[in-house]
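Examination of the molecular architecture
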Amino acid sequence: MTPNNEPAPPAKLATTPSPERIVRTKQPPAQGFRQKIGGTEIPAPRVDPQLVRLSVIERLAEVLLYTLRRA
């Protein structure tokens, strides 16, 4: 067998990635999961506008609820 001095043909671009290759998706995985199960997005927690007018115990409860909802 003799060496071939001709350039190699250009590689073809793959249209679909191989199964072993990790590919970045365009949307977060949680969003795709949410679409599959039909879930709805939870609104961000908000502080009660009347917080300064609440008693100490009510204020404490409101702050704890806000912290839990945020987690």
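Scroll up for the structure.
Predicted model, so just to flag it, every value in this text is computed and none were measured. (Residues numbered from 1 in each chain as written. Predicted model: local features only at pLDDT ≥ 70, side-chain atom pairs only at ≥ 80, totals over all residues. Heavy atoms only, no water.)

Before going further, it helps to spend a moment on the overall build of the protein. Each helix and strand counted, the protein has two helices and zero strands in total. Scored against the burial criterion, the 71 residues of the protein give a buried share of 4%. Carbon and sulfur atoms provide 60% of the accessible area of the protein, an area that totals close to 7700 Å². (Helix = DSSP H or I, 4+ residues; strand = E, 2+ residues; numbered from the N terminus. Buried < 20%, exposed > 50% of the residue type's maximum accessible area, 1.4 Å probe, protein only. Areas by Shrake-Rupley, 256 points an atom, 1.4 Å probe, with all protein chains shown as cover.)

Right, let's talk about the environment of Q50 for a bit. By the secondary structure assignment, Q50 is in the loop between helix 1 (29-37) and helix 2 (56-70). A polar side-chain atom of Q50 sits 2.8 Å from a polar atom in the side chain of R53. (Polar contact = N/O pair within 3.5 Å; in protein donor to acceptor, adjacent residues only side chain to side chain.)

Here E62 lies in helix 2. Despite its burial, E62 pairs with no opposite charge; the closest candidate is R69, at 4.7 Å N-O. Beyond its immediate sequence surroundings of up to four residues, E62 is in contact with D48, L51 and L54. (Lys, Arg positive; Asp, Glu negative; His and termini not counted. Salt bridge = Lys/Arg side-chain N within 4 Å of Asp/Glu carboxyl O. Contact = heavy atoms within 4.5 Å.)

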